[in-house]
Amino acid sequence: MPTFKIGFEFEAYCEVCGAGMCGEVHTIDSSARRGVPIIRISPCPVCEEARADEIAFLEKRSREKSERITELENEIQTLKRDLYYAQLPI
Ligand SMILES: [Zn+2]
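Reading the values: rules and limits
- Residues numbered from 1 in each chain as written.
- Predicted model: local features only at pLDDT ≥ 70, side-chain atom pairs only at ≥ 80, totals over all residues.
- Helix = DSSP H or I, 4+ residues; strand = E, 2+ residues; numbered from the N terminus.
- Rg over C-alpha atoms; globule rule 2.2 N^0.38 Å.
- Buried ≥ 20, exposed ≤ 12 C-beta atoms within 10 Å, placed from the backbone.
- Expected span 1.5 Å × (residues − 1).
- Contact = placed C-beta atoms within 7 Å.

Asks: How should the overall build of the protein be read in this particular structure?
Replies: Regarding its fold elements, the protein presents 1 helix and 2 strands. Start at the N end of the protein and walk to the C end: the helices and strands fall as β-β-α. Here the C-alpha atoms of the protein give a radius of gyration of 30 Å, more than 25% beyond the 12 Å that 2.2 N^0.38 yields for 90 residues. Residue burial in the protein is summarised as follows: out of 90 residues, 1% are buried.

Below, the structure is given as structure tokens:
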């Protein structure tokens, strides 16, 4: 049975940030198993970069908070020691 291949153009944009995604879209005329066109879309590079930046920011904040916890734990130990010596009989 004769068939027509009908091509059409379309544009793609990231739903999250609105960046153009045409460079991230790859089309395949048909899949081997189902015979239907396939569109493969890579993750949005703008969102991926923003995500990497947010992860780096959160990792930095986590390190800073961990350092602060260590400082406070050391301060508590110092206060407990000072309290102990202050309560010794004169
Ligand atoms: Zn995006």
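The rest of the description comes next.
Asks: Could you clarify how one ought to interpret helix α1 (residues 45-86) in this entry?
Replies: Over its 42 residues, α1 extends 61 Å from the first C-alpha to the last, a length consistent with the 62 Å expected when each residue adds 1.5 Å. The buried fraction of α1 amounts to 0 of the 42 residues, a small share that puts the element mostly on the outside.

Asks: Help me out: how do you make sense of the environment of G20 in this one?
Replies: Here G20 shows up in the segment before β1 (25-28). Taking the C-alpha atoms as reference points, G20 and C44, 24 residues apart in sequence, are found 8.7 Å from one another.

Asks: Is there a simple way to explain the environment of M21 in this structure?
Replies: Here M21 shows up in the segment before β1. Once the C-alpha coordinates of M21 and F8 are considered, the two residues, 13 residues apart in sequence, prove to be 17 Å apart. Beyond its immediate sequence surroundings of up to four residues, M21 is in contact with A12, Y13, C14, I41 and C44.

Asks: Help me understand the environment of E54 in this model?
Replies: On the secondary structure map, E54 appears in helix α1. According to the C-beta neighbour criterion, E54 is exposed, with 10 such atoms within 10 Å. With 45 residues separating them along the chain, E54 and E9 place their C-alpha atoms 35 Å apart.

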